[in-house]
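Descriptive analysis of the structure
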Amino acid sequence: MGRAVSVLFYTVLAFITCVMAANVKPAVAETDAYYDRRDAINRVYIAGIFFLLFLVSSLRFGIGNDYTQYTLTAHEAYVGGYVVTEAGFNFLVRVIYTLFHGEYYEIVFALFAAVTLFLFLRGFYRDSADFSQSFFLFMTLGFYFQTFNTMRYYLALSVAFCSMRYVLEKDYIRFCFFILCAALFHKSVLLVLPVYWIATFAWNRWFYVLGIAVSAVCFAGRSLLLKLALMLYPSYRNTIYLEGGMSFTSVLRIFAVLVLYLWFIRYMGSGFQEHADYRKIRFYGQLNFLAFLAATFFSFLPVVTRIVYYLSVSQLLMIPLMIRNIADEGVKMKLKLAVMVVGILYFALFVLSAHQAGVGLLPYRTWLFEERYLYK
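**Structural notes on the overall build of the protein chain**
Tallying secondary structure elements over the protein chain gives 17 helices and 0 strands in all. Principal-axis analysis of the C-alpha atoms gives the protein chain an extent of 65 × 55 × 45 Å. Counting over 376 residues, the protein chain shows a buried share of 48%. Here the analysis covers contacts within the protein chain between residues at least 6 apart in sequence; of these, 76% occur between residues at least 24 apart. For the protein chain, the accessible area works out to roughly 18,700 Å², and carbon and sulfur atoms hold 68% of it. Seen as two clouds, the 31 positive and the 20 negative side-chain charges of the protein chain have centres 6 Å apart.

**Notes on helix α6 (residues 131-140)**
With respect to burial, α6 is a largely interior element, 9 of its 10 residues being buried. F131, Q133, S134, F135, F136, L137, F138, M139 and T140 are the residues of α6 that are buried. Positive backbone phi, approximately 85°, marks G142, located one or two places after α6.

**Some remarks on empty space enclosed by the protein**
Within the structure shown, the criterion is met by 1 cavity of 30 Å³ or more. As a volume, the largest cavity reaches approximately 70 Å³. Around the largest cavity, the lining residues are S57, R60, F109, F112, A113, T116, T147, F148, M151 and Y154. Sorting the residues of the lining of the largest cavity by element identifies α5 (105-127) and α8 (151-168) as the ones contributing at least two each. Looking at the lining of the largest cavity, the element that brings in the most residues is α5, giving 4 residues. In terms of residue class, the lining of the largest cavity is made up of 6 nonpolar, 3 polar and 1 charged.

**What about the environment of L252?**
Following the sequence through the fold, L252 ends up in helix α13 (residues 248-268). Look at L252 and you get partly exposed, because its relative accessible area is 43%. The sequence separation of L252 and V342 amounts to 90 residues, and the corresponding C-alpha distance is 11 Å.

**Section: the packing of helix α1 (residues 3-22) against α6**
In contact at an axis separation of 8 Å, α1 and α6 are set at 165° when each is read in the N-to-C sense. Viewed along their axes, α1 and α6 adopt a mutual orientation that is roughly antiparallel. Crossing geometry of α1 relative to α6 is assigned as right-handed. Taken together, the residues of α6 that come into contact with α1 (itself represented by A14, T17, C18, A21 and A22) are F131, S132, F135, F136 and M139. Residues of the contact of α1 with α6, tallied by class, amount to 8 nonpolar, 2 polar and no charged.

**Regarding the state of the cysteines**
Inspection of the entire model under this criterion finds 0 disulfides. C181 forms no disulfide, and the closest cysteine sulfur to it belongs to C176, at a distance of 11 Å. We classify C181 as partly exposed; its relative accessible area is 30%.

The rules we used
- Residues numbered from 1 in each chain as written.
- Predicted model: local features only at pLDDT ≥ 70, side-chain atom pairs only at ≥ 80, totals over all residues.
- Heavy atoms only, no water.
- Helix = DSSP H or I, 4+ residues; strand = E, 2+ residues; numbered from the N terminus.
- Buried < 20%, exposed > 50% of the residue type's maximum accessible area, 1.4 Å probe, protein only.
- Contact = heavy atoms within 4.5 Å.
- Areas by Shrake-Rupley, 256 points an atom, 1.4 Å probe, with all protein chains shown as cover.
- Lys, Arg positive; Asp, Glu negative; His and termini not counted.
- Charge placed at Lys NZ, Arg CZ, Asp CG, Glu CD.
- 1 Å grid on protein atoms, 1.4 Å probe; cavity = no way out; pocket = protein on both sides within 12 Å on 5 of 7 lines; lining within 4 Å.
- Points joined across faces, edges and corners; volume = space filled by probe spheres on them.
- Nonpolar A, V, L, I, M, F, W, Y, C, P; charged D, E, K, R; others polar.
- Axes fitted to C-alpha atoms, helices over the stretch in contact; angles between N-to-C directions.
- Parallel < 35°, antiparallel > 145°, perpendicular 65-115°, else oblique.
- Left-handed = near helix turned anticlockwise from the far one by under 90°.
- Disulfide = S-S within 2.5 Å.

Everything listed here is a matter of coordinates, which is why it stays silent on function.
Right under this line is the structure:
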């Protein structure tokens, strides 16, 4: 389909699934019968959302900036060639290709899409203060559509997203276990092991000042840091990934959420520190502060967006949680409306630029009507 039709298609998909998400309500245990009925209705809507998004993800062909490369990488992993992908991905490809007696990379893409979507939706339903708001942000901020790119990374990101719960609960054994499992598919996720743990502590003002100062020093010595980064990721040498950088809209989004967090803490006052949700919101807010530092001072690093997304994905939980804790209904409604308007505008900017190099999400194509890639 053409670019304009694809934009309309993505917009309709986002609208329909967001409407379905709006019907997912908290299953308040007023009575056992009510709870069971509400929970069953919620699961039907979530299953419908999963089916629609999975269908679009699994049927795609040549969509994203690395679809073709993944088909070739899977082929090399299957025949024993040289690949830079992690052992988990290589093993999974060999198993699937062996079971189906052929190089059906469509099944690999579909499996990654299914697991990634399941984990995000499960995280929203289990951990979010408002499933519909978290899902709205997931769609309008482009997280879902970006899963068409770098499927190994977004699988790891979905695991990191769900694992925030465990580090907050100080269930470090489970937290480390899931992150180490995710590292079998994308080793960059190991970054969250120390970072998420550090973000659970209350930071003093000097820590923020020190963070900015150290980041400024690192930016000044970026040539040395870039050499060290290439020692860890030698596959990025002489590639377009060395261009690094973050889009202006992404940096602005992180900055806006950070400002919202600072306003919220000031608005709620010092008494909010005794609230049960304060520690969670502080954790998410501190992660967004680190995301802002990474997106600005460390923009020279290869694919810095991967580092930033591990930190800023917390926005999907932080924003609904802050809104829930605002007692003034007038202020709450204004904030909800502001989030909705900003989300829609961000989505419009994202989808209209999704054809650009490095994104490659337009026009949408499906393998139902395309000739498969074949390798010998």
